[in-house]
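Here's the letter readout for the chains.
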Amino acid sequence: MSDPVGLLEELVGQARKAGADSADAILVSGISLGVQVRQGRSEELERSEHNDIGLRVFAGQRSAIVSATSADPAGFPRLVSQALAMARVVPEDRFAGLCERAATTFLDAGDGANGLELADASEPDVEALGERARVAEAAALAIHGVTNSQGGSAGFGRTEVALVTSGGFSGRYARTSHSVSASVLAGQGTTMQRDYDYHSVVHLSELDDPAGIGRHAGERAVARLNPTKPRTGRMPVIYDPRVAGSLLGHLAGAINGASVARGTSFLKERMGTRILPAGISVIDDPTRRRGLRSKPFDGEGVPTATLVLVEDGELRSWVLDGRSGRQLGLPSTGNASRGTSSPPSPSTSNLFMTGGTVTPAALMADVTEGIYITEMMGSAINGLTGDYSRGASGFMIRNGALAEPIAEFTVAGNLLDMFSSLQPADDLVFRRGTDAPSIRIDTLTVAGA
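Residues numbered from 1 in each chain as written. Predicted model: local features only at pLDDT ≥ 70, side-chain atom pairs only at ≥ 80, totals over all residues. Heavy atoms only, no water.

1. Some remarks on the overall build of the protein chain
Along the protein chain, the regular secondary structure elements total 9 helices and 22 strands. Seen through its principal axes, the protein chain has C-alpha atoms that stretch 70 × 55 × 35 Å. When each of the 449 residues of the protein chain is scored for burial, the buried share is 52%. Taking the contacts inside the protein chain whose residues are at least 6 apart along the sequence as the reference set, 72% of them involve residues at least 24 apart. Put simply, the protein chain shows about 18,400 Å² of open surface, and 50% of that area lies on carbon and sulfur atoms. The averaged location of the 51 negative side-chain charges in the protein chain is 4 Å from the averaged location of its 42 positive side-chain charges. (Helix = DSSP H or I, 4+ residues; strand = E, 2+ residues; numbered from the N terminus. Buried < 20%, exposed > 50% of the residue type's maximum accessible area, 1.4 Å probe, protein only. Contact = heavy atoms within 4.5 Å. Areas by Shrake-Rupley, 256 points an atom, 1.4 Å probe, with all protein chains shown as cover. Lys, Arg positive; Asp, Glu negative; His and termini not counted. Charge placed at Lys NZ, Arg CZ, Asp CG, Glu CD.)

In C-alpha cells form, the structure reads like this:
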C-alpha cells in the first residue's frame, strides 16, 4: 500500500468530524508463504494476503472498536458510524483514553525501522522454500532410528504496520520473517517418539542451515526412545533453554499491568523487593537489531525503549500500556500490543534473562539424581497464589550427566519459591523471542512412577 498513514489520517479525521472526542486507527497488511513437505513430496502450499484496518473511538469515557478486512475509503463512513454508535451505549471506563506518552510526530520507520533492520529485501519463491523444507526433512530421516516424518516446512512473511492517533502521532514500519522446521518420529508402533527443531529469523542470511535443523530434530527423536517414568519425590530439575523461556512467560504474566491492576497476580505486592537471586536481571528489549519482536513504537504510538523489569534480583517495573498505567497511577512503559479488532493491552517483546555464570555442564555436575526437561505440556498455573504444575518429558540426570529418557511425569511447586531459588547457566541465546538460559531449580516435586 503506497500511503497507509494517509488512509488512517483520513479515517481518524472522519471520526473526529462525526463527533468522536478522540480516535486512533491501525492498519496491518502483509503476505505469508509457506511450504510443507512429507516423505520428500510437497504436501501443503499456502499463500495468504491480508489488509486489515481497525478504528477505535472515544466518546467521553466510553470507547468502541470496529474493524474491517478492507482499507477502501468508501467504507470509512460506515466504520465511523458503527464505532460511534457502539461507543455511546457501552459502559463508561474512567481509565479509557489515548496514551499520554504517545509521540506527537510522524515516525516513518519504513523497512529500516529506525535502524532496527526489521525488513529483509529478499522474498523467496515457492521453489526455494520447498527445497529448504525437503533438505530439513531429508536430514532428519537420515538419522538412524527415525522411522517416519510429520514433515519439513519453510515459510516467509512480510507485515506492514501503520498507526495514527488524533493526538498527533502517525507512524509505520515493516518487518519480515523466514523460518524452517522439521518434525519426525522414531521407533515403531506404540513406542514411537516424536521431536522437532525449528528456527525463525528476520533476515534470511541468519537462518540456520536446514540440514542442521533436520539432524537435530532426528537426533532428539531417537534419544527419546524407550522412556521410563522417574520416581516420585523432590529432586533438582534443570530446564533446557527450549523450555526455560516458559518460566519467563509465567513471570511476565505476573508483572503484566492488567493482572496487577485487577489484583490477580501473586507478585502484586512485591514491587521493589527481591524475587530472583542476586545478580540476575530480566529485560524487555524491543529495540534489539533484527529482533524477532522488535518494533520502533508500541500499539499506542509510544516510542519503544529497553525496559529493565528485574535488576539484580529486584522487581523494578510492571509491564504497562496506557490504560493499565492509569489504573496503577503510573506512566505507560511503552509495552502496548494490539490488533485491529481489540484494544491495546500490555505485552512484552524481546524478553530475556541474564546473570548466569556457569556452564550447563557445571550446572548439573553435582546432581546425583535429577531431571532434565526438554518438553512441557499442559499447564496448571494459579495466578493468585503462584502454584505451579506442568506435565513434562526429558531425561534423568545421574551423577552429573544425562542418562535415560523419561516421560509422563509432572513437576510442581510455587513460582515464588521457584523464582527465588533458580540458578541460570551461561548459555543464553536470542532465538525464540522469550529467551532464557538453562535454569536449575532444586525446590520442585516430581510426580512419576
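Moving on, there is more to tell.
2. A short note on the nonpolar core
Ranked by size, the top nonpolar core spans 45 residues in total, and within it Tyr 239, Leu 251, Val 282, Ile 371, Ile 373 and Val 411 carry the most contacts. The biggest single contributor to this core is helix α5 (residues 241-254), with 7 residues. Discounting chain neighbours no more than four positions away, the residues touching Val 282 are Leu 248, Leu 251, Leu 276, Leu 307, Val 308, Leu 309, Val 310, Leu 351, Phe 352 and Met 353. Judged by nonpolar contacts, the second largest core, of 25 residues, contains Leu 7, Ala 25, Ala 64 and Ala 162. (Core = buried A, V, L, I, M, F, W, Y, C linked by side-chain atoms within 4.5 Å.)

3. Remarks on the sheet that holds strand β10 (residues 281-284)
Spatially, β12-β11-β10-β15-β20 is the arrangement adopted by the 5 strands of the open sheet, whose pairing is mixed. A single partner strand is all that each edge strand has here, and the edge strands are β12 (314-315) and β20 (434-435). (Pairing = 2+ DSSP bridges.)

4. Things to note about the packing of aromatic side chains
Counted according to the given criterion, the structure contains 5 aromatic pairs. Site record: aromatic cluster; members linked through ring pairs are Phe 169, Tyr 173 and Phe 297. In this arrangement the basic side chain of Arg 242 is found over the ring face of Tyr 196, its NZ or CZ atom lying 4.3 Å from the centre. When the ring centre of Phe 430 is taken as reference, the NZ or CZ atom of Arg 288 above it lies at 3.7 Å. (Phe/Tyr/Trp six-rings, centres within 6.5 Å; stacked < 30°, edge-to-face > 60°. Lys NZ or Arg CZ within 6 Å of the ring centre and 35° of its normal.)

5. Some thoughts on the sheet that holds strand β16 (residues 369-381)
Across the sheet, 8 strands lie side by side as β8-β22-β18-β17-β16-β9-β21-β19; this open sheet has mixed pairing. Of all the strands in the sheet, just β8 (233-234) and β19 (423-424) have a single pairing partner and so form its edges. Relative to strand β18 (residues 401-414), strand β17 (residues 387-398) runs antiparallel, the two being bridged by 10 bridges. Within β18, the residue paired with Ala 392 across the bridge is Phe 409. Packing of α5 onto the sheet brings it into contact with β9 (237-239), β16, β17 and β21 (439-441), and relative to β16 it is tilted by some 45 degrees. (Axes fitted to C-alpha atoms, helices over the stretch in contact; angles between N-to-C directions.)

6. Focus on the side chain of His 199
Mapping His 199 onto the fold places it in strand β7 (residues 193-201). The exposure class assigned to His 199 is buried, which follows from its relative accessible area of 7%. In this view, His 199 contacts His 178, Ser 179, Val 180, Glu 206, Leu 207, Asp 208, Ile 213 and Arg 431; residues no more than four positions away in its chain are not counted.

7. What to know about the packing of helix α3 (residues 126-141) against helix α4 (residues 210-223)
The interhelical angle for the contact between α3 and α4, taken along N-to-C directions, is 35 degrees, at an axis separation of 7 Å. For α3 against α4, the interelement crossing comes out right-handed. Residues Arg 132, Val 135, Ala 136, Ala 139 and Ala 140 of α3 form the contact with α4, whose own contacting residues are Pro 210, Ala 211, Gly 214, Arg 215 and Gly 218. Classifying every residue of the contact of α3 with α4 by side-chain character gives 6 nonpolar, 2 polar and 2 charged. (Left-handed = near helix turned anticlockwise from the far one by under 90°. Nonpolar A, V, L, I, M, F, W, Y, C, P; charged D, E, K, R; others polar.)

Shape is all these values report; function is a separate question.
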